[in-house]
Amino acid sequence: MPTLTRPPVATDSPVRQTSRRRTGRRGAYKGLLFALPFLVGFLFTYVLPIGYAFNQSLHEKKSAGLGFGPTRIVFTGFANFAAILTDGAFWSSMLRTLLFGTVQIMVMLGISLLLALLLDGVAARAVRFFRAGLLVPYVVPSVVSTLIWLFLYSPTISPLVDLADRAGVHLTLFGGINTYLSLGNLLTWQGIGFNVILISASLQALPRELYEAARLDGAREWRIAWSIKVPNITGILVLTGMFSLIGRLQLFAEPLLLRYVAPESINTDFTPMMEIFDKAFKTGNYQYAAAESLVLAIVTGVLAFVFYRVTNRKMS
């Protein structure tokens, strides 16, 4: 009885294996060349500045001769970081900005979600028109938009204050809670358009068959929005919330310009960035300011990570 033998398994020759390795290396080199501009930019705009700031934070400016002699930079290790842990002004500004940002972000995202839901039921041409209009405040530079609202908030030349005075109403836009309302209104006006665009795009990506099935079951539009649309766009809501939280902790230009109108309401350590700016460019303590900037970056990263994980866990 003849025995059956398996056909020999074809194997690549050494020449073919060498050719494949060379092809893989060429592909890797090409990919590296495509990524090289980004890597160079990332190195010079992120890695090197962070390294320089860390090096500065390990030093301190000392003066000889009871403070009247020449100054010199000496290595002090983590002394600046230890001083920051007991710096009440820095942590007060951090807490103030965090609490203010939490309320302002909730209001901004709530309005953005409402506008996006309204746009989702409008014709396509109208949606494009309204999207362009809502995106205008985001396109305007933050300094320019702040100057616009600075004019509207001014107690002497504001048309809003003038109209209120003619109506017999004394309108005060700064002082106490009004300071936070004025700043929150400015930030909401700036960021609402961008968030509406992102949320609206997520709504457009949802399958329309879900809405048709819900309507056949007798669901009304508000029920479709609350039970179908909102639960399916929680991912973009978390993302926009996280980006907004990072932006609020880095708040600088808007309160700095508003301080010219209300210096009694917005002090130099109103936000962490203003505190860092004051230490670096007014006090001249660059080393301590560098340490504060690193601490702010670490706190921002940790809070963004915790916010993302907690919100994702609740919505999953």
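Residues numbered from 1 in each chain as written. Predicted model: local features only at pLDDT ≥ 70, side-chain atom pairs only at ≥ 80, totals over all residues. Heavy atoms only, no water.

Draft legend 1. A look at the overall build of the chain. Across its full length, the chain carries 13 helices and two strands. Every one of the 316 residues in the chain was classed for burial, and the buried ones make up 34%. For the chain, contacts bridging at least 24 residues in sequence account for 66% of all contacts bridging at least 6. Per element, the accessible surface of the chain, about 20000 Å² overall, is 68% carbon and sulfur. (Helix = DSSP H or I, 4+ residues; strand = E, 2+ residues; numbered from the N terminus. Buried < 20%, exposed > 50% of the residue type's maximum accessible area, 1.4 Å probe, protein only. Contact = heavy atoms within 4.5 Å. Areas by Shrake-Rupley, 256 points an atom, 1.4 Å probe, with all protein chains shown as cover.)

Draft legend 2. Region of interest: the packing of helix H3 (residues 88–120) against helix H7 (residues 177–204). Contact geometry of H3 with H7 gives a least axis separation of 7 Å together with a crossing angle of 45°. Classified by the interaxial angle, the pair formed by H3 and H7 is oblique. In this structure, the crossing between H3 and H7 has a hand that is right-handed. Here the residues of the contact of H3 with H7 sort into 16 nonpolar, eight polar and two charged. (Axes fitted to C-alpha atoms, helices over the stretch in contact; angles between N-to-C directions. Parallel < 35°, antiparallel > 145°, perpendicular 65-115°, else oblique. Left-handed = near helix turned anticlockwise from the far one by under 90°. Nonpolar A, V, L, I, M, F, W, Y, C, P; charged D, E, K, R; others polar.)

Draft legend 3. Highlighting the environment of glutamine 56. Relative to the assigned elements, glutamine 56 resides in helix H1 (residues 14–57). Sequence separation of glutamine 56 and glutamine 287 is 231 residues, and the distance between their C-alpha atoms is 5.0 Å. Look past the residues within four positions of glutamine 56 in its chain and what remains in contact with it is Asn80, Gln287 and Ala290. A distance of 3.3 Å separates the side chain of glutamine 56 from the side chain of glutamine 287, its partner in a polar contact. (Polar contact = N/O pair within 3.5 Å; in protein donor to acceptor, adjacent residues only side chain to side chain.)

Draft legend 4. The side chain of serine 158, seen in detail. Residue position: serine 158 is located in the loop between helix H5 (142–153) and helix H6 (159–166). Filtering out sequence-adjacent residues up to four positions away, serine 158 remains in contact with Phe151, Leu152 and Tyr153.

Draft legend 5. View of the UniProt feature "transmembrane region" (unreviewed entry) in the chain. As annotated in UniProt, the feature "transmembrane region" (unreviewed entry) corresponds to residues 32–52, 98–120, 132–152, 226–246 and 288–308 in the numbering used here. Here residues 132–152 is 90% helix and 0% strand, with 24 Å between the C-alpha atoms at its ends. Helix and strand shares over residues 288–308 are 100% and 0% respectively, and the end C-alpha atoms of the span are 30 Å apart. (UniProt positions renumbered as here; feature names shortened; annotations may be inferred.)

Draft legend 6. Local environment of a positive patch on the surface. On the surface, Arg22, Arg25, Arg26 and Lys30 cluster together into a patch of positive charge. One can find arginine 25 in helix H1. Residue classification places arginine 25 among the exposed residues on the basis of a relative accessible area of 51%. (Patch = residues over 30% accessible without salt bridge, like charges linked within 9 Å, V, L, I, M, F, W, Y side chains within 5 Å. Salt bridge = Lys/Arg side-chain N within 4 Å of Asp/Glu carboxyl O. Lys, Arg positive; Asp, Glu negative; His and termini not counted. Charge placed at Lys NZ, Arg CZ, Asp CG, Glu CD.)

Draft legend 7. Fine view of the pattern of salt bridges. Following the criterion strictly, the structure yields five salt bridges and no others. The shortest N-O distance in the salt bridge between arginine 215 and glutamate 221 comes to 2.9 Å. Taking the shortest distance from any N to any O, the salt bridge between lysine 279 and glutamate 275 comes out at 2.7 Å. Remark: glutamate 275 and lysine 279 occur in helix H12 (residues 272–281); sequence separation between them is four residues, near one turn of the helix.

Draft legend 8. View of the packing of aromatic side chains. Enumeration according to the criterion identifies 14 aromatic pairs in this entry. Centroid distance phenylalanine 42 to tyrosine 46: 5.4 Å. Interplanar angle 25°. Geometry classified as stacked. With phenylalanine 42 and tyrosine 46 both in helix H1 and four residues apart, this pair spans about one turn of that helix. The class for phenylalanine 42 is partly exposed, based on a relative accessible area of 38%. Among the aromatic residues, those joined into a ring-pair cluster are Trp149, Tyr153, Phe174 and Trp189. In this structure, lysine 229 packs its charged tip against the face of tyrosine 211, placed 5.0 Å from the ring centre. (Phe/Tyr/Trp six-rings, centres within 6.5 Å; stacked < 30°, edge-to-face > 60°. Lys NZ or Arg CZ within 6 Å of the ring centre and 35° of its normal.)

Draft legend 9. Structural context of the environment of leucine 303. Here leucine 303 shows up in helix H13 (residues 286–315). Distance from leucine 303 to leucine 245, taken between C-alpha atoms, is 8.5 Å for residues 58 residues apart in sequence. Contact partners of leucine 303, with chain neighbours within four places excluded, come to Leu98, Leu245 and Leu249.

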